[in-house]
Amino acid sequence: MDLERLAGVIRDARARIEAASDLDELSAAESETLGRRSEIAVARSGIGRLAPDRRRDVGRAINEAVGTLTAAVEDRRSALQAEAENVLLEQDRIDLTLPYGRPARGTHHLLTRTMEDVCDVFRAIGYEVAEGPELELAWYNFDALNTPPTHPSRFESDTMYVEPFDDRERSGPDELLLRTQTSPMQARFMEKNPPPVYVVVPGRVFRTDTWDATHSPVFHQIEGLAVDSDITFGDLKGTLAYFAREFFGVSARTRFVPHFFPFTEPSAEMLVWFNDEWLEMLGCGMVDPNVFEAVGYDPAEVTGFAFGMGVERLAMVRHGITDIRHFYDSDLRVLGQFR
Amino acid sequence: MKVPIGWLADFIDLPTRDPYELERILVSLGHEVEGIEEFGPSFEGVVVGRVEEARPHPDADRIRFCRVDDGTATRDVVCGAWNFEAGAVIAYARAGSRLGTDTDQPLEVGSRKIRGIVSHGMFASARELGLGDDHDGIMVLNDLGAATDDDLGRPLEEVIGLGDVVLDVSITTNRGDCMGIRGLARELAAYWEIPLRDISPSFPTGPEPSAFEVSINDVEACPRFVAHQVDDVRIGPSPLWMQLRLLAIGQRPISNVVDVSNYVMWELGHPIHTFDAEAISGGKVIIRRAEEGERLETLDGVERPLAAGDILVTDPSGPIALAGVMGGASTEVSAKTTSVLVEAANWHPPSILSTSWRLGLRSEASARFERGVDPNLSALATARTVELVAMTSGGMPRSGAVDCYPIPRRPWTVDLTARDVSRLLGPAPSFGDALALLERLGFGSDRDGRSARVTVPTHRSDVTRPADLVEEIARLHGYDRFPDLVRHGSRGGLTPEQLAVRRLREALVGAGLTEAQTLSFIGQDDLDALGLPLEDPRRVTIRVKNPLREEEAILRTTLLPGLMGAMSRNVARGMKSVRLFETGRVFTARDDPEDPRIPFQPVHLAMVLSGSGEDAFAATGLVDLMARVTDRKLELRQESLPGLHPGRGAVVTCGTTEIGMVGELHPAAVRKFGLEGRIAVAEMDLGPLVSGNPPWMLEDVSAYPPMVFDLAFVLADTVPAGRLLEVVEESAGPYLESLELFDEFRGGSIPDAHRSLAVRITLRAMDHTISDGEAAPIGRGIAAAVADRLGGVLRGSI
């Protein structure tokens, strides 16, 4: 075969390959153009019969032709395979906006989340988290906290007591009550741990309050206590202002005004500027020396601050909730909004 | 306490009357301002007029025809009131004026024909003007000392001085001294460093001293009793200026003597009681504690049983007043009273508190006595009352008061050191500045270097220790002026238990459960609804002594009733699928092992699941999830459990400890909670589940392929699948990587009461590929163990 003829064969073969419209046609074309009985194969087998001076040129030309056509077949094959797959994929089309296969996820209760948030803010500056009993001795809830025996907060109109349930006589400081505040853990914690103390105490508390939009017989508080050899009123202010910024946002402003609690002296209330108004957010103060004495600390050696905040109030303010009953009704339409 | 700004100005020259600035200052001193309101007129266009003529209406008996001068003209008015004559200066609501402008439906006053005569407007009563309850006649301003002929035509609100702004101040329980206008003025005077303009009552006196003998049987109950008699009293209305101040603070004007008592209480913070002196028998007043069984009719007409410990004012015939709480009916000042005994006494605060709460008689007076009143104020309060009673009733005071004050309260001292101040407040204010602040508040100080002896004024009974003085210093210095320092501790971690509880909650929420918080109270009905037998430990409960409702009278021993209630409410609202969990304390009647003084209150976790596909397996699957999260081996021991479906319940054990149960609620219990269908539940004690684990260690993984094969066994139905898995696990040898039960089959060639269970076993070695030849004896060993221990027959061969 002369080289001119070879060029024609290649051109024709290439056309056949590229004209193949499916894989079967391509196989036929491959066999016709490159198979054993193809013109090129025949020519290749005839190389040995050529004059020695032409063998080399013709041989190289034929080899190149085989390479070219083989590549053309592979290209075409890839293209046809892709086309065939595209057809299958098109048949496999689905509507991804159909809401199938969504993994279930519930929600945390907002009060739990809020308590964790508050605890984490204080953990970040080295306060540990402790919890205490809900059914508590009057001693820890009142006496150890410098609350006089006649104080109205001890009355049954404020505090829930329990009926005798065994043969033990419980009266005065030994009487059992549902704690009205998380503050009893102040005394319990100090009894068990020598100073310094840096702790926050989240938990459930109880009052004889009938239900309305802002009152519930069961609610939650977070207590905080820092006791060391050199704590001053400025530490109280700065630490709680830090909390307010972390919890309500970096721009939260705070204001401290005098107040009265039996277990702190001086006492204060912290107001937070939120949604264009000053809101009473928590009570705090320097731990009263009588509290230190009640738990066996020497009031001449240590000072400290304590604070207590209502978890429901924090959550209601931060999330625009106006009815405390939402927390306890377990309505999934409400719980589902907690994030 | 309502504080009219104009009233404060009686005692101090206010640098500002801006209510918001006053609010800011009071709040900075610890006196919260809960509201600001104006005590203004509720009328428009009412002027002072003078009645020129008043004669019977020609065509009606009960009304009169009048002519009134309103300063510009004389007009005709028809009036139904008869409490005035020509010459009276009255409140004239002209045609076009409006009354009741603070209500939804103000009255437009017009000209209208009454029995043939056109009445141009009307004469107004106090009630029509929003100035009290009096509607027996019109307001006669000259009788009330409120207006004269010179005021004709002037707007009424201007003439009588309406428009004061009233601050509603909340006084903390430690500050009885601020329960009066004078006390708050004293605080403001200290703030501004200006003098307090105190009152010094004066009045004429008759020749005779007060004809009463006072004896105090219990000095703790009554540290001081001051009484002063005023004769020739004429009971009538108090002057309008006094009535307006009482109205501004929300007190109803009643009569001159009663109004004066209230006025002085508000002004000085010292409650006053007045007796009809002639109704006291024997000229003798005895102060003593009540005895059990005594009774007293109080001036509200209620006969009240007294308790031992109540403090009484008595005369030789018996009790005449419940001290500090309410007067007695027999000695009440009435319209016929002509001689009044004014009492300013000091009572034991806890006794007053206990009596007033027991009887539900909390009043402005008891609120002051509960906080404590300075006994040294009693003489001034008596004198001020006598002065105003004499002024408003024409009465003549006796020549002197009876003052029984066995142990006068004297100022006390507190030793304060510079360190007391600086260790609580830091470097500022300096000790010198601190003492100066105390002096502004009326404390005396005698400084000796780094310490001082501070004298406390007797109205500050709340101040007895250095810390109390430090609060006073900080308060007046200004809380805003202290620095903000962030105080760091040294332990910010969670305990392993706290961490485990958080991870459990995360896992359950991730598994699609929603966390609920339910009340800690349940009712007897809840325990009955669960079908718990009498001996069930959850029936050993603690009852609340003073529950809000009987359905909430018991402290919960299980979380299930709360969650079932939540489920019922959600289903009633149309929720198809409800998956809830809760963690919370339950209450046992056993002693807490760590503090045997209190009952043990373990933290439980419970869940309830209902809806399509929710059955016992959903709950056991979640128990398994909890086991994986806490890295515990939890096992199920299926048995018939109280409250649960007899064939679908199991005890959950952790090691040798039973920690709870899982399964489906008994259909009877489901119905009791108003529900239907399957409800899967689980409840566990979290304690054993979350106690600390040592850190887990990574196990190396193999580079060789696994050998996987399936074995199926025919087993009696009595063999739990869990047992099969246990036996396979124990007999599979060291190469066992995982084990899965993938098929349960009944029928076909399987005998009755039997089933086929198929397990897929994956073996893998760390150091070689396990061949078929190596796996076959392992499979045979498993089959032998299952046959031997469970009676299982291998299907097919190995």
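Residues numbered from 1 in each chain as written. Chains lettered and ligands numbered in written order. Predicted model: local features only at pLDDT ≥ 70, side-chain atom pairs only at ≥ 80, totals over all residues. Heavy atoms only, no water.

How should I be thinking about the packing of aromatic side chains in this particular structure?
Per the stated rule, a full pass over the model turns up 23 aromatic pairs over all chains. Between F122(A) and F243(A), the aromatic rings sit 5.5 Å apart at their centres with planes inclined by 20°, giving stacked as the arrangement. A residue pair is termed long-range when its members are at least 10 positions apart, and F122(A) in helix α5 (residues 110-123) and F243(A) in helix α8 (residues 233-248) qualify at 121 residues. Each member of the pair F122(A) and F243(A) is classed as buried. When the ring of F206(A) is compared with that of F521(B), the centres are 5.8 Å apart and the planes differ by 65°; the resulting orientation is edge-to-face. (Phe/Tyr/Trp six-rings, centres within 6.5 Å; stacked < 30°, edge-to-face > 60°. Helix = DSSP H or I, 4+ residues; strand = E, 2+ residues; numbered from the N terminus. Buried < 20%, exposed > 50% of the residue type's maximum accessible area, 1.4 Å probe, protein only.)

Would you mind going over the side chain of T232(A) with me for this structure?
Take T232(A): it is sitting in the loop between β5 (218-228) and α8. Aside from chain neighbours lying at most four places away, what touches T232(A) is M286(A), S422(B), R423(B), L424(B), L425(B), G426(B) and L485(B). (Contact = heavy atoms within 4.5 Å.)

Whenever I open this one, the nonpolar core confuses me. Can you help?
A general trend in soluble globular proteins is that nonpolar side chains are found buried together. With 196 residues, the main nonpolar core has F122(A), F243(A), F327(A) and L416(B) as its most contacted residues. The dominant element in this core, judged by the number of residues it contributes, is α8(A), at 8 residues. Apart from residues no more than four positions distant in its own chain, F327(A) is found in contact with H109(A), L110(A), L111(A), E312(A), A315(A), M316(A), I321(A), F338(A) and Q517(B). Among the nonpolar cores identified, the runner-up in size contains 34 residues, and I320(B), M326(B), L361(B) and C404(B) belong to it. (Core = buried A, V, L, I, M, F, W, Y, C linked by side-chain atoms within 4.5 Å.)

Explain the sheet that holds strand β37 (residues 736-745) of chain B to me, please; I cannot follow it from the model alone.
Two orientations exist for strands paired in a sheet by backbone hydrogen bonds: parallel and antiparallel. Residue and element names in this part refer to chain B. Read from one edge of the open sheet, 4 strands run β37-β38-β36-β39, paired in antiparallel fashion. With partners counted over all chains shown, the strands left at the sheet margins are β37 and β39 (793-795), one partner each. In this sheet, neighbouring strand axes are inclined to one another by 30° on average, regardless of whether the strands run parallel or antiparallel. Here 10 bridges tie strand β36 (residues 707-716) to strand β38 (residues 754-763), and the two strands are oriented antiparallel to one another. Looking at β38, one finds that M707 is bridged to L763. Packing of helix α20 (residues 772-790) onto the sheet brings it into contact with β36, β38 and β39, and relative to β36 it is tilted by some 20°. (Pairing = 2+ DSSP bridges. Axes fitted to C-alpha atoms, helices over the stretch in contact; angles between N-to-C directions.)

So what exactly am I meant to see when it comes to the pattern of salt bridges here?
Two side chains that carry opposite charge are able to pair once their charged atoms sit near each other. Under the counting rule described, the total for this entry stands at 96 salt bridges over all chains. For D120(A), the salt bridge goes to R123(A), with nearest N and O atoms at 2.7 Å. Taken together, the residues D120(A) and R123(A), both in helix α5 and 3 residues apart, mark about one turn of the helix. A salt bridge links R549(B) to E552(B); the nearest nitrogen and oxygen atoms lie 3.2 Å apart. According to the relative accessible area criterion, R549(B) is partly exposed, its value standing at 43%. One salt-bridge network, in which partners are shared between bridges, spans R113(A), E116(A), D120(A), R123(A), R502(B), R505(B), E506(B) and E515(B). (Salt bridge = Lys/Arg side-chain N within 4 Å of Asp/Glu carboxyl O.)

Could you clarify how one ought to interpret the packing of helix α1 (residues 3-19) of chain A against helix α2 (residues 23-34) of chain A in this entry?
A pair of packed helices is captured by two measures, namely the crossing angle of their axes and the spacing between those axes. Residue and element names in this part refer to chain A. Direction vectors running N to C along α1 and α2 enclose 165°, while the axes themselves pass 8 Å from each other. Looking at the two axes, α1 sits roughly antiparallel to α2. For the pair α1 and α2, the sense of crossing is left-handed. Touching A13, R16, I17 and A19 of α1 are E25, L26, A29, E32 and T33, all from α2. For the contact of α1 with α2, the class distribution of residues is 5 nonpolar, 1 polar and 3 charged. (Parallel < 35°, antiparallel > 145°, perpendicular 65-115°, else oblique. Left-handed = near helix turned anticlockwise from the far one by under 90°. Nonpolar A, V, L, I, M, F, W, Y, C, P; charged D, E, K, R; others polar.)

Sorry, what's going on with the pairing of strand β14 (residues 273-276) of chain B here?
Strand residues, when the strand is regular, have side chains that alternate between the two faces of the sheet. Residue and element names in this part refer to chain B. Covered by surrounding structure in β14 are H273 and F275 together with T274 and D276, the residues of both alternating faces. Strand direction decides the pairing type here: β14 and strand β21 (residues 340-346), joined by 4 bridges, are antiparallel. Its bridge partner being in β21, F275 is matched across the sheet by L341.

How should the interface of chain B and chain A be read in this particular structure?
By a frequent convention, interface size equals the accessible area lost on bringing the separate parts together. If you look at the interface, chain B gives 87 residues, while chain A gives 98 residues. Area buried by chain B at its contact with chain A is led by Y479(B), R487(B) and Q517(B), which between them contribute 11% of it. D484(B) is the salt-bridge partner of K237(A), the closest N and O atoms lying 3.6 Å from each other. Taken together, chain B and chain A are joined by 57 residue pairs in polar contact (both at pLDDT 80 or more). Among the elements of the structure, α2 (19-28), α7 (349-359), α10 (418-425), α12 (466-477), α13 (496-510), β27 (514-515), α15 (560-572) and β30 (578-585) of chain B are those that each provide at least two residues to the side of chain B that touches chain A. (Buried area = accessible area lost by both parts, 1.4 Å probe. Polar contact = N/O pair within 3.5 Å; in protein donor to acceptor, adjacent residues only side chain to side chain.)

So what exactly am I meant to see when it comes to helix α6 (residues 256-268) of chain B here?
Helical geometry note: an α-helix holds 3.6 residues per turn, so side chains three or four residues apart project in the same direction. For α6(B), with 13 residues, the first-to-last C-alpha span of 18 Å sits near the 18 Å given by 1.5 Å per residue. Taken as a whole, α6(B) has its buried residues at N256(B), V257(B), D259(B), V260(B), S261(B), N262(B), Y263(B), V264(B), M265(B), W266(B), E267(B) and L268(B). (Expected span 1.5 Å × (residues − 1).)

Where do I start with the environment of L763(B) in this structure?
All names here are of chain B. Mapped onto the fold, L763 is located in strand β38. C-alpha of L763 to C-alpha of A428: the two residues are 335 residues apart in sequence and 75 Å apart in space. Not counting the four nearest positions on each side in its chain, L763 is found in contact with P706, M707, F709, A732, Y735, L736, E737, I770, A775 and I778.

Before we go on, may I ask you to explain empty space enclosed by the protein in this structure?
A probe matching the size of a water molecule, rolled over the atoms, marks out where space remains unfilled. Summed over all chains, the structure comprises 2 cavities of 30 Å³ or more. Roughly 80 Å³ of volume is contained in the largest cavity. In terms of lining, the largest cavity is formed by 13 residues, of which the most central are H259(A), T172(B), N174(B), R175(B) and R475(B). For the lining of the largest cavity, the secondary-structure elements that each account for two or more residues are β6 (253-261) of chain A together with α12 of chain B. Take the lining of the largest cavity: its biggest share by element is 3 residues, from α12(B). Of the residues contributing to the lining of the largest cavity, the split by class is 2 nonpolar, 5 polar and 6 charged. By volume, the second largest cavity is sized at about 40 Å³. (1 Å grid on protein atoms, 1.4 Å probe; cavity = no way out; pocket = protein on both sides within 12 Å on 5 of 7 lines; lining within 4 Å. Points joined across faces, edges and corners; volume = space filled by probe spheres on them.)

Sorry if this is basic, but what is going on with the confidence of the model for chain B here?
Interpretation of this model should avoid reading the predicted coordinates in detail wherever pLDDT is low. On average, residues of chain B score 94 in pLDDT, and 100% of them reach the 70 mark or higher. For this predicted complex, the interface score ipTM comes out at 0.88, alongside a pTM of 0.88. (pLDDT = per-residue confidence, 0-100.)

In this structure, what is going on with the environment of G328(B)? I would like to understand it.
Residue and element names in this part refer to chain B. Here G328 is to be found in the loop between β20 (326-327) and β21. Separated by 421 residues in the primary sequence, G328 and S749 have C-alpha atoms spaced 97 Å apart. Among all residues touching G328, those that are not within four sequence positions of it are L296, E297, T298, L299, I320 and A321.

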